[in-house]
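Secondary and tertiary structure notes
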Amino acid sequence: MNGPVSAFAPGKLILFGEHAVVHGQPAIAAAVDLGTQVQIEALDGPSRILEAELEDPRLWPALSALLPPQGLGLRIRSSLPTGRGMGSSAALSIALVRALARWEGREAGIEEQLRLGFVLERSFHGNPSGLDHTVSALGGALHYRRGPAGIAHEPQRLAPLQLVVLDTGRAGDTAALVAGVSARRPAVDPTLAAIGALVERMRPALECGEQDRIGAGMAENQALLRALGVSSPEIEDLVSWAGRQGALGAKLAGAGGGGVVIALAPDPSALLDAARREGRAAIPVTLGQDPQAAQE
Ligand code: PMV
């Protein structure tokens, strides 16, 4: 009998373009160093989850699609908050694909990770853009678009970017929020197109690390997401709070309706200290590693 094998995959933050990316507009996202680990071990009887911190009724129906009916036990451990827009389901999906390949004595290829990761993500989210699991599989920062001609992605050059991630403490329902935006088309199409145009304008600013422009872009993206109806009072509270603390910009990251807010501040450690003093959940995240290095 094989000994246990395990694999890790990272979560992500969407810097610009969530929701619009579901409808063919571009988005930019980057992998974070938090993520999910899946361990597989041999088991007598039907395959099942032996350990998982999260209670999610979608978990087993999604994962069992890839597992043999008998003989495997899964242990799932994650440093990502669940349902907060940090790609926890995508990290789980990619970690499982990687672990299953290791169980077979090989490494999963990128094509296999992207294909099977998408199967799992569809099971979790209904109509995902595919951005989350693609970033999780490739690492680094990506410019991503799912257009009529298929999926196109390329590494996004990113100067080191220090963000403060503020947690609303509430999970957003990605599938419901995505469906809500879809139901409001074509009325929201100009807003979706404006988000896409903003993503393109932000590319050089991200590459050169122009903090003021990136911050202003985050504020603009947040206003467009608010207009789409995916913000929430908790998100707005954190965005305004960050502004009062001198942040250059802040926006929700992910599906919204709760989840996390990312804030760009001239002095991230001062913003982090202020958040913690007030009992607000906050973590520092540094993005902008070399995408090649992140894939190794
Ligand atoms: O909240 P998350 O991590 O599932 O991110 C959702 C991002 C959306 O653009 C809203 C949906 C998608 O599939 O891209």
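Residues numbered from 1 in each chain as written. Predicted model: local features only at pLDDT ≥ 70, side-chain atom pairs only at ≥ 80, totals over all residues. Heavy atoms only, no water.

1. Describing the overall build of the protein
The following threshold applies: Numbered from the N terminus, helices here are DSSP runs of H or I no shorter than four residues, and strands are runs of E no shorter than two. For the radius of gyration, the atom set is restricted to C-alpha positions; the globular benchmark scales as 2.2 Å times the number of residues to the power 0.38. A simple rule labels every residue: compare its accessible area, found with a 1.4 Å probe on the protein chains alone, to the largest value its type can have, and call it buried under 20%, exposed over 50%, or partly exposed in between. What makes two residues a contact is simply this: any of their non-hydrogen atoms within 4.5 Å. Each accessible area is a Shrake-Rupley result for a 1.4 Å probe, and residues are judged covered by the shown protein chains and nothing else. A positive count includes Lys and Arg, and a negative count includes Asp and Glu. His and the chain ends are not counted in either. By convention, charge coordinates are those of NZ in Lys, CZ in Arg, CG in Asp, or CD in Glu.
In terms of helices and strands, the protein carries 10 helices and 10 strands. Relative to a compact globule of 296 residues, whose C-alpha radius of gyration would be 19 Å, the protein shows 19 Å and is just as compact. With respect to the principal axes defined by its C-alpha atoms, the protein has extents near 60 × 45 × 35 Å. Split into buried and exposed, the 296 residues of the protein put 54% on the buried side. Residue pairs in contact within the protein that sit at least 24 positions apart in sequence constitute 73% of those at least 6 positions apart. Accessible surface for the protein amounts to roughly 12,200 Å². Of this, 52% is attributable to carbon and sulfur atoms. If you average the places of the 26 positive and of the 31 negative side-chain charges in the protein, the two averages end up 3 Å apart.

2. So, the pattern of salt bridges
Counted only if it meets this: Salt bridges are counted wherever a side-chain nitrogen of Lys or Arg sits within 4 Å of a carboxyl oxygen of Asp or Glu.
Summed over the entire model, instances satisfying the criterion amount to 18 salt bridges. One salt bridge in this structure joins Arg102 and Glu107, with 3.0 Å as the shortest N-O distance. Judged by relative accessible area, Glu107 falls into the exposed class, the value being 54%. For Glu154, the salt bridge is made with Arg203, and the minimal N-O distance between the two is 3.1 Å. Residue Glu154 is found in strand β6 (residues 150–155), and its partner Arg203 is found in helix α6 (residues 189–208); the two are separated by 49 residues along the sequence. The exposure class of Glu154 is partly exposed, given its relative accessible area of 38%. A cluster of three or more residues bridged by salt bridges with shared partners is formed by Glu41, Glu51, Arg75 and Arg77.

3. Re the sheet that holds strand β7 (residues 161–167)
What counts is decided by this rule: Here, strands pair whenever DSSP counts at least two bridges between them. Helix axes are fitted only over the stretch in contact, all axes being lines through C-alpha atoms; the angle between N-to-C directions runs from 0 to 180 degrees.
Spatially, four strands are ordered β8-β9-β7-β10 in an open sheet, and the strand pairing comes out antiparallel. Single-partner strands in this sheet number two, and they are β8 (249–253) and β10 (282–287). Averaged over all pairs of adjacent strands, the angle between their axes in this sheet comes to 30 degrees, without regard to strand direction. Of the pairings in the sheet, the one linking β7 to β10 comprises six bridges and is antiparallel in character.

4. Some words on the side chain of Gln156
As for its position among the elements, Gln156 is in the loop between β6 and β7. Look at Gln156 and you get buried, because its relative accessible area is 1%.

5. Examining the packing of aromatic side chains
Stated precisely, the cut-off is as follows: Working definition: rings of Phe, Tyr and Trp (its six-membered ring) pair if their centres are within 6.5 Å, and the pair is stacked with planes under 30 degrees apart, edge-to-face with planes over 60 apart, and tilted otherwise. A ring is scored as having a charge over it whenever the NZ atom of a lysine or the CZ atom of an arginine sits within 6 Å of its centre and within 35 degrees of its normal.
In total, this model carries zero aromatic pairs according to the counting rule given. Above the face of the Phe118 ring, Arg122 is positioned so that its terminal group lies 4.0 Å from the ring centre.

6. Comments concerning the site of the ligand
Our working rule: Proximity criterion: a residue is near a molecule or strand once any of its heavy atoms comes within 4 Å of it. Contacts described as polar in this section are N or O atom pairs within 3.5 Å, which, within protein, must combine one atom able to donate a hydrogen with one able to accept it, while residues neighboring in sequence count only if both atoms come from side chains. Residues are grouped as follows: Ala, Val, Leu, Ile, Met, Phe, Trp, Tyr, Cys and Pro are nonpolar; Asp, Glu, Lys and Arg are charged; every other residue, Gly included, is polar.
Neighbouring residues of the ligand: 17 residues in total, closest Lys12, His19, Ser129, Asp132 and Ala255. Contact between the ligand and Gly87: an oxygen atom at 3.5 Å from a main-chain N or O atom of the residue. One nitrogen or oxygen atom from the main chain of Ala255 is found 3.0 Å from an oxygen atom belonging to the ligand. By residue class, the composition of the shell around the ligand is seven nonpolar, seven polar and three charged.

7. As for α6
Formally: One fewer than the residue count of a helix, multiplied by 1.5 Å, yields its expected span. Note that the bend at a residue is defined as the angle between axes fitted to the seven residues ending at it and the seven residues starting at it.
Between its first and last C-alpha atoms α6 spans 30 Å; for 20 residues at 1.5 Å apiece the expected length is 28 Å, and the two agree. The largest bend in α6 is about 35 degrees, located at Met202, with the proline Pro204 one to four residues further on. Among all positions in α6, only Thr191, Leu192, Ile195, Gly196, Leu198, Val199, Met202, Arg203, Ala205 and Leu206 are buried. The positive-phi residue at the C-terminal boundary of α6 is Gly209, with phi of around 70 degrees.

8. Regarding the environment of Gly196
Examined against the element boundaries, Gly196 turns out to sit in helix α6. Along the primary structure Gly196 and Arg145 are separated by 51 residues, whereas in three dimensions their C-alpha atoms are 9.7 Å apart. With near-sequence residues (within four places) excluded, Gly196 lies in contact with Gln25 and Pro26.

9. Examining the confidence of the model for the protein
Under the convention used in this document: Each residue carries a pLDDT score, the predictor's own confidence in it, on a scale running from 0 to 100.
With 97% of its residues at a pLDDT of 70 or more, the protein shows a mean pLDDT of 93. A low-confidence stretch, residues 291–296 stays under pLDDT 50, and its non-local contacts, those more than four residues away or across chains, total eight contacts.

10. Here we look at the pairing of strand β1 (residues 5–16)
Counting buried residues along β1, 10 of its 12 residues qualify, which places the element largely inside the surrounding structure. Relative to strand β2 (residues 27–46), β1 is paired through 10 bridges, and the arrangement is antiparallel. Its bridge partner being in β2, Ala9 is matched across the sheet by Thr36.

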